[in-house]
Amino acid sequence: MAGPGGGSSDVQWCFSQVKGAIDDDVAEADIISTVEFNHTGELLATGDKGGRVVIFQQEPESKNQPQCRGEYNVYSTFQSHEPEFDYLKSLEIEEKINKIRWLPQKNAAQFLLSTNDKTIKLWKISERDKRPEGYNLKEEDGRYRDPNTVTSLRVPVFRPMDLMVEASPRRVFANAHTYHINSISVNSDCETYLSADDLRINLWHLEITDRSFNIVDIKPANMEELTEVITAAEFHPNQCNTFVYSSSKGTIRMCDMRASALCDKHAKLFEEPEDPNNRSFFSEIISSISDVKFSHSGRYMMTRDYLSVKIWDLNMETRPVETYQVHEYLRSKLCSLYENDCIFDKFECCWNGNDSVVMTGSYNNFFRMFDRGYRQDMTLEASRENSKPRSVLKPRKVSTGGKRKKDEISVDSLDFNKKILHTAWHPLDNIIAVATTNNLYIFQEKLN
Amino acid sequence: MISTMECSVDAQSLISISLMKIHNSRTQRGGIKLHKNLLVSYVLRNARQVYIKEKYAEIYRMQQYEEVMTVCNEIQELNPLDLDAEDADEEEQSRAACCGEEGSVCGAALQRGAAQPAALCRTGSAVSGGCCPLEDGAKDPEPSYYRSCCMEAPPAAPCDPFSAGSGAHCNKTTVLDLDTHVVTTVENGYLHQDCCCGQGAQSAAKKRKVEFGCCVSDVDEVPDFTRKRAKREDCAFSDYTDTSNISNLISIFGSGFSGLLSRQADLEQICSKQALASLGAWTRAIVAF
């Protein structure tokens, strides 16, 4: 029954690889801040708090081990952003990479967009495996020859060399955002993309860096009237005129760029009424949406708030069609989570290749999968203890009642410093990348 | 409304935690995070609503008790000739009760000569008009307004508001909010608003000098009274945070913060716009920082 990206009831997950330092002392710069597969799944990019981007490439499947899909090895590493200082506002601009988005491949080179709080950059990643040799006026090491010593001429030829992967910044899109950028999204037209900060969304052309169009502006005339901010934005996967943005109030607005230049008036507003029984001091915080993702089909979208994942049908605005509780047992712990700032954690979510399963992270290095078809959910853990090659991951359980069964973990023993905020699912296969604080785990479906 | 049963945190500690978070965000790397501070301000608003509700309920209970006791005393000592004196006594007692209540809370506020105002407050009779009892015409547990409980200087020596440190009782800092045109005075550890207490003649409170556009004996301007009442409450919660940084924050955010309060459903409708507007005062101030 299990095909690629099939129901999780059939799929068993195995450990494949872990990347990153082993020691428990985590350097802040090594904290992973974003994870993204490219459109074929061959490349996997990570960004960290130190402003670096590391790209892994999947090895081709070897004939020796047909049961295993190829491993991911480091392909390229580069410093994308550096810390900056805004002298006018006396503000330091962090170099942390907030988001990476791949462009669809058009030629031999790969392109990705990476962004920190203020600046977006377009990077070209290209391979070089040949180099010209046999220059007349240059030695092999690059020194210039004295022309008088040249007695004969030859034509330089390309000779193979060790593969070199170069990353070069092709465009820098700067000075367009007053507030902190939280999202970038490439349009299906492959020519434009959007960038969103707390109050505004800008539309860019990939070729033009000195101009961007503001398409959403929710900044009130009087900042005293501010009640919500933009938390995430994404273009529709197929319709180049449609995008959505989520807010800190738990609403999602869908906009059509054909309607007007400034899309302040939404075409659709997705909002679920709050349950008055659940009202608490922290209702506003836990209803804030931290991530929004369209399904690959474009029919649905998924939102993540602090305690749940919701699937919305784009044709129905009044309520989500599915709601999955990620860690409902935390509802009674909200005050402690507020004190230690964990309640502000922004969890991301992702779809599998055929939109049948969704995944998101939790605490204690747990991550959760929800099978939409079979209505089953699974909790797995990314830990060094379960890191034997091809060892099957055992489902975990958090005990919520008084009696704790064997192998269950009580809520009080969860480690809230170990959080999985960023996860990614291979677009075609059952391969997932899960980022703990400073390690990247890759799990694969067990193939028989 | 908000369920306080979810955990054992109380509103007061939530308020202080939230203020510390806002304060710390000013020195965070990468600049102030607008989203996070907005969420913290919502928690602050919710906690204040609960705290003030509890406070009013407590004060009302105290006042009910006092009134019952007074009636009992009256019955015992019924003498038509002493009615006026008793009224005054009644007022003094309820004022003292109020002051005792408020003084114990306000007195510890802001760590500026805290002990002195508290002592002044508790003597009750020594105060000619600073503290005012809850006006409670309809025995409504949540009266529609509340006079600011301001400690003033002993009546013999009215303070010049602009002379700082002119006496043990007079230590005022005046802050003018340019947006709302409300004058805020921090005096001897009290945070209060210069406004008139023009509601009825029952109170012996002196009319404060109004400088900019604050309402003057206008009962219809409920939002302003709400704001004044809320302003007085500002000093109530701050005894739990005893850094002068927090007191600075309160005085800076005071006028905007007061708009976060909305006590009744009908008042909420009136105040909601202001509540929302004032919520942004945090943001404005945060962004400004």
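Relevant structure appears above.
Scope of this entry: the structure provided in the associated data block.

Parameters and conventions
Residues numbered from 1 in each chain as written. Chains lettered and ligands numbered in written order. Predicted model: local features only at pLDDT ≥ 70, side-chain atom pairs only at ≥ 80, totals over all residues. Heavy atoms only, no water. Helix = DSSP H or I, 4+ residues; strand = E, 2+ residues; numbered from the N terminus. Rg over C-alpha atoms; globule rule 2.2 N^0.38 Å. Buried < 20%, exposed > 50% of the residue type's maximum accessible area, 1.4 Å probe, protein only. Contact = heavy atoms within 4.5 Å. Areas by Shrake-Rupley, 256 points an atom, 1.4 Å probe, with all protein chains shown as cover. Lys, Arg positive; Asp, Glu negative; His and termini not counted. Charge placed at Lys NZ, Arg CZ, Asp CG, Glu CD. Pairing = 2+ DSSP bridges. Axes fitted to C-alpha atoms, helices over the stretch in contact; angles between N-to-C directions.

1. Concerning the overall build of chain A
Here's step 1: Each helix and strand in chain A was counted, giving two helices and 32 strands.
Here's step 2: For chain A, the C-alpha radius of gyration of 24 Å lies close to 22 Å, the compact-globule estimate for 448 residues.
Here's step 3: Dimensions of chain A, computed from the C-alpha atoms along their principal axes, are close to 90 × 60 × 40 Å.
Here's step 4: Put simply, chain A has 448 residues, and 54% of those count as buried.
Here's step 5: Pairs at least 24 residues apart make up 55% of the contacts formed inside chain A by residues separated by at least 6 positions.
Here's step 6: When the accessible surface of chain A is summed, it comes to about 21100 Å², and 48% of that surface belongs to carbon and sulfur atoms.
Here's step 7: The averaged location of the 67 negative side-chain charges in chain A is 3 Å from the averaged location of its 56 positive side-chain charges.

2. Remarks on the overall build of chain B
Here's step 1: When you go through chain B residue by residue, the secondary structure sums to seven helices and three strands.
Here's step 2: In sequence order, the secondary structure elements of chain B are arranged as α-α-α-α-β-β-β-α-α-α.
Here's step 3: Among the 289 residues that make up chain B, the fraction classed as buried is 54%.
Here's step 4: The contacts of chain B with a sequence gap of at least 6 include a subset with a gap of at least 24, amounting to 64%.
Here's step 5: When the accessible area of chain B is evaluated, it comes to approximately 12300 Å², of which 56% is carbon and sulfur surface.

3. Some words on the pairing of strand β2 (residues 32–37) of chain A
A regular strand carries its side chains on alternate faces of the sheet.
Residues and elements named next belong to chain A.
Here's step 1: Of all six residues in β2, six are buried; the element is thus mostly enclosed.
Here's step 2: As paired elements, β2 and strand β3 (residues 43–48) share five bridges and run antiparallel to each other. Pairing of Phe37 across the sheet is with Leu44, part of β3.
Here's step 3: Linking β2 to β3, which pair antiparallel, is a turn of five residues; within it Gly41 sits at a positive phi near 85°.

4. As for unusual backbone geometry
All names here are of chain A.
Here's step 1: A positive phi is found at Cys190, a non-glycine position, where the angle reads about 60°.
Here's step 2: As for its position among the elements, Cys190 is in the loop between β12 (183–186) and β13 (192–196).
Here's step 3: Although it is not a glycine, Arg390 sits at a positive phi angle of roughly 60°.
Here's step 4: Relative to the elements of secondary structure, Arg390 occurs in the loop between β27 (376–381) and β28 (397–399).

5. Focus on the sheet that holds strand β32 (residues 440–445) of chain A
Residue and element names in this part refer to chain A.
Here's step 1: Here we have four strands laid out as an open sheet, ordered β1-β32-β31-β30, and antiparallel in their pairing. Looking along the sheet, the strands with just one partner apiece sit at the ends: β1 (13–19) and β30 (422–425). Across this sheet, the average inter-strand angle for adjacent strands is 20°, counted without regard to direction.
Here's step 2: As paired strands, β1 and β32 are joined by six bridges and run antiparallel to one another. The partner of Cys14 across the bridge, within β32, is Gln444.

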